[in-house]
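Chain by chain, the residues run as shown.
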Amino acid sequence: MKHELPKLEYKYDALEPFIDEKTMEIHYSKHHQAYADKFNAAIEGDKKLEKISAEEIIKNIEKIDENIRNAVRNNGGGFVNHSFFWKILKKDVKIHKEIKKAIEERFESFEKFKEEFTNSAMGLFGSGWTWLVLDNGELKIINTSNQDSPLSKNMIPLIAIDLWEHAYYLKYQNRRKEYIDSFFNVINWKRVNEIYLKSGVENGNDK
Ligand code: MN3
């Protein structure tokens, strides 16, 4: 199976002014495409890997042949992480009930959650991502380096912010904090809530 970019569910300018059109265009059509191309090249000819989904491959990264493991980790990770990222972005979506309650229970308040998420994202050194994940049914904020994915640690991603400079430099330059603040205006809480409800059941946490 050749892995192809998921179709964007919105136009490049849909997240303006928080994420600008040019960044979206380059990020999706160039960066994400490059991860997909290199991922496909890395697994080409491997009859077993060619049959399974990119997510399954990244979940089992430690079982991948050493010769291609790094290429798959970086490019397959980049492919999967960006596919997830686009899905959880949308403007003007209010936070939904179940995920709101879970966040408030875990972090005391939404404001505290936002602060902790922002601190984590500000503290990431180099390139990588900050995530809200479910880890054995528990909400956690984690950072990953480069294109490492929480899937490889058996965690379920709920929210992700891309902190590679290509994700924000055109508009925000070195002002990462502004980019993170803006990100909170484009979280697709409807989608996040759906993933949370579905994952909660899978994770044995169906309250
Ligand atoms: Mn990126």
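First, a word on scope: everything that follows refers to the structure included in this document. (Residues numbered from 1 in each chain as written. Predicted model: local features only at pLDDT ≥ 70, side-chain atom pairs only at ≥ 80, totals over all residues. Heavy atoms only, no water.)

1. Points about the sheet that holds strand β3 (residues 156-162)
Okay, step 1: Read across the sheet, three strands follow the order β2-β1-β3 without closing on themselves; strand pairing throughout is antiparallel. Every other strand in the sheet has two partners, leaving β2 (138-145) and β3 as the edge strands with one partner each. On average, each strand axis in the sheet is inclined to that of its neighbour by 20°, with strand direction left out of account.
Okay, step 2: Relative to β3, strand β1 (residues 128-135) runs antiparallel, the two sharing six bridges. Bridge assignment links Trp129 to a residue of β3, and that residue is Asp162. (Pairing = 2+ DSSP bridges. Helix = DSSP H or I, 4+ residues; strand = E, 2+ residues; numbered from the N terminus. Axes fitted to C-alpha atoms, helices over the stretch in contact; angles between N-to-C directions.)

2. Thoughts on the packing of helix α1 (residues 21-43) against helix α3 (residues 66-87)
Okay, step 1: Direction vectors running N to C along α1 and α3 enclose 145°, while the axes themselves pass 8 Å from each other. Crossing hand, α1 versus α3: left-handed. Mapping the contact onto sequence places Met24, His27, Tyr28, His32, Tyr35, Ala36, Lys38, Phe39, Ala42 and Ile43 in α1 and Ile68, Ala71, Val72, Asn74, Asn75, Gly76, Gly78, Phe79, His82, Ser83, Phe85 and Trp86 in α3.
Okay, step 2: Here the residues of the contact of α1 with α3 sort into 13 nonpolar, eight polar and one charged. (Left-handed = near helix turned anticlockwise from the far one by under 90°. Contact = heavy atoms within 4.5 Å. Nonpolar A, V, L, I, M, F, W, Y, C, P; charged D, E, K, R; others polar.)

3. Focus: the pattern of salt bridges
It is possible for side chains of opposite charge to pair when their charged atoms get near one another.
Okay, step 1: Inspection of every chain in the model, using the stated rule, returns 13 salt bridges.
Okay, step 2: A salt bridge links Glu62 to Arg69, with the nearest nitrogen and oxygen atoms 3.8 Å apart.
Okay, step 3: Arg175 is paired through a salt bridge with Glu178; the nearest N and O atoms lie 3.0 Å apart.
Okay, step 4: Where salt bridges share partners, they join Glu9, Lys190, Arg191 and Glu194 into one cluster. (Salt bridge = Lys/Arg side-chain N within 4 Å of Asp/Glu carboxyl O.)

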